[in-house]
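A closer look at the structure
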Amino acid sequence: MALMKKAKIIIKKINACLVKSCKKASDVNILSRIILYIAICMVAVAVGVVCFYKPARDAVFTHEHHTVVDVKSGDTLSKILGGQGFSVRDIDTISKNLKKDAEFTTLRAGRDKIDFVRENENAPISKIIIENGPWNKIEIDCGTPDTWQCQKMEIARDTRIAFKSGEIAQGSSFYLSAMQAGIPEGIILDVYDLLAFEMDFERDIRAGQKFYVLYEENFASDKKVENGHVLAISFDALRGNVKMYRFVKPDGKSGYYDENGNGAIKSLKRTPINNAKITSSFSGKRKHPVLGFTRAHKGVDFRAPTGTPIPAAGAGRVIARSFNRGHGNFVKIRHNGTFETLYAHMSKFAKGVNVGTVVRQGQIIGYAGSTGISTGPHLHYEVIKNGVHVNPMTVKLPAIDNLDAANKKLFLERKELIDSTINSLRDNPNQIVRLEVNEKAKK
Ligand SMILES: [Zn+2]
């Protein structure tokens, strides 16, 4: 392009001279003027080419020859290098240098690739490139004499932003509708996880619910390598539209927040009643204080005087509000497709809490008591994950995370940027958009 510009400038100058000289010599006829003009142009272009054109050496004069070996199960570096005709001495040098200069010791089958580069088809191998992971490679140069120096290189990551929107089709699932909207499977699974405490994907899905996802796609040399983070989600859930935005705090920690900057990842509280003392822990086996024989304690007991309000540990739907001999008055809540919680020995239920009631986290569902098989007033709390009782104190749950005032301000600026990106991509989905990454520490 620069070359063309320079050539154009030269032509303009020549043209200007020509016009001047022709004014003086009016007898020059038009035809000869044109011929002269063309000839001068050609000379100018030729001069331009000679002066400014520097050929790209690799592209024009060399025909590098590549032999790419995929690392398979059972492969070792020595085995692969041996297979390419390397001597024991060279293999030893390369292994040592890899360890010393690139902290590289093991090849991973099914993932790593080794590219053997020759200057031409018949030349000896002059360079080895180990591609270990999408963003790393190690170059090993033969050198003179054969020193086989290693150099760790990072592959530049070009992060572009993708926007996909859709609607739940009649009789379809979120998964199928999202696939139809062109959302990659990995991103759909991320969305499931992010919305896990917000909605029940089996029971709360209705035809016509609209959704969108904004996410990253990581490219290397214009080729898509992998999907990155989900940056924003919107879902028309049963109890209203749910929006989430990814935000990375200045300390490098990331999280998802709602439009107002409140932690958007809902979770369960391990202790529904704040500051309540544990009087009996979860255990596979324990001697039951009333029944006398040993049996598992499937929950945690918290000391709570009769009448202490019991809040729901997380948002969800009441699926049982009943009495049985063991639990006495109890309430069971389904939070999502994975988690349920149960609250036992209640003296009474909260008003308006029935089977089917949708409750929010912290909403009072009943009051502590000693109904059922119980030695005294307390809350017996169970967490059931995929149908199995788990220890509420140790089960892995997403952290409930809120932003302080300073981070909230930064978040709201980020949210504006994400919203305008969504609008822009919605209007023109094919444009290439890059967002300034507000991350200090990338994963
Ligand atoms: Zn108990």
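Whatever comes next refers back to the structure up there.
Below, the structure is looked at part by part. (Residues numbered from 1 in each chain as written. Predicted model: local features only at pLDDT ≥ 70, side-chain atom pairs only at ≥ 80, totals over all residues.)

**Details of the overall build of the protein**
Along the protein, the regular secondary structure elements total eight helices and 22 strands. Put simply, of all contacts in the protein between residues at least 6 apart along the chain, 60% involve residues at least 24 apart. (Helix = DSSP H or I, 4+ residues; strand = E, 2+ residues; numbered from the N terminus. Contact = placed C-beta atoms within 7 Å.)

**Some details on the sheet that holds strand β2 (residues 113–118)**
Spatially, the five strands line up as an open sheet ordered β1-β2-β3-β4-β5, and their pairing is antiparallel. Bordering the open sheet on either side are β1 (65–70) and β5 (149–154), each of which pairs with just one other strand. The mean inter-strand angle of the sheet, taken between neighbouring strand axes irrespective of direction, is 20°. In the sheet, strand β3 (residues 125–131) pairs with strand β4 (residues 136–141) via five bridges, with the strands oriented antiparallel. The residue of β4 that forms the bridge with I129 is E139. (Pairing = 2+ DSSP bridges. Axes fitted to C-alpha atoms, helices over the stretch in contact; angles between N-to-C directions.)

**So, the sheet that holds strand β7 (residues 210–220)**
In spatial order, the strands read β6-β7-β8-β9-β10; together these five strands make up an open sheet with antiparallel pairing. The sheet terminates laterally at β6 (158–167) and β10 (254–257), the two strands that pair on one side only. Geometrically, the sheet is characterised by an average inter-axis angle of 25° between neighbouring strands, direction not taken into account. Inspection of the sheet shows strand β9 (residues 240–248) paired to β10 by four bridges, in the antiparallel sense. Each residue of the ladder has a partner; that of V248, found in β10, is S254. Here helix α8 (residues 405–427) sits on the sheet and contacts β6, β7, β8 (223–237), β9 and β10; the angle it forms with β6, its principal contact strand, is near 70°.

**Some points on the nonpolar core**
By size, the foremost hydrophobic cluster in this structure holds 58 residues, and its most contacted members are I233 and Y343. Considering every element that reaches this core, the biggest residue donor is strand β18 (residues 339–349), with six residues. Taken together, domain 3 (161–267 + 400–443) and domain 4 (278–390) each give at least three residues to this core, which thus spans both. In terms of nonpolar packing, the next biggest core, distinct from the first, is built from 16 residues, L98, I130, I140 and W148 among them. (Core = buried A, V, L, I, M, F, W, Y, C linked by C-beta atoms within 7 Å. Buried ≥ 20, exposed ≤ 12 C-beta atoms within 10 Å, placed from the backbone. Domains from an automatic or database assignment.)

**Overview of helix α7 (residues 185–194)**
Within the sequence span of α7, burial applies to I187, I188, V191 and L194. All buried residues of α7 lie within an arc of 120° about the axis, which places them on one face of the element. With respect to the buried face of α7, the exposed residues turned more than 90 degrees away are E185, G186 and L189. Of the surrounding secondary structure, the elements contacted by the buried residues of α7 are α6 (174–180), β7, β8, β9 and β10. (Arc of directions from axis to C-beta.)

**Some remarks on unusual backbone geometry**
A cis amide bond, omega -10°, links T144 with the succeeding residue P145. In this structure, P145 sits in the loop between β4 and β5. Non-glycine residue E103 carries a positive phi angle of around 45°. Note on placement: E103 falls in the loop between α5 (88–102) and β2.

**Thoughts on the environment of E259**
Note that E259 resides in the loop between β10 and β11 (278–280). Take E259: there are 16 C-beta atoms within 10 Å of it, and that puts it in the partly exposed class.

**Section: the environment of Y381**
As for its placement among the helices and strands, Y381 is situated in strand β21 (residues 378–385). Put simply, Y381 and T341 are 40 residues apart on the chain and 7.2 Å apart in space, counted from C-alpha to C-alpha. Contact partners of Y381, with chain neighbours within four places excluded, come to P272, G299, V300, F302, T341, Y343 and P392.

Honestly, that's just the spatial picture; any functional story needs more than this.
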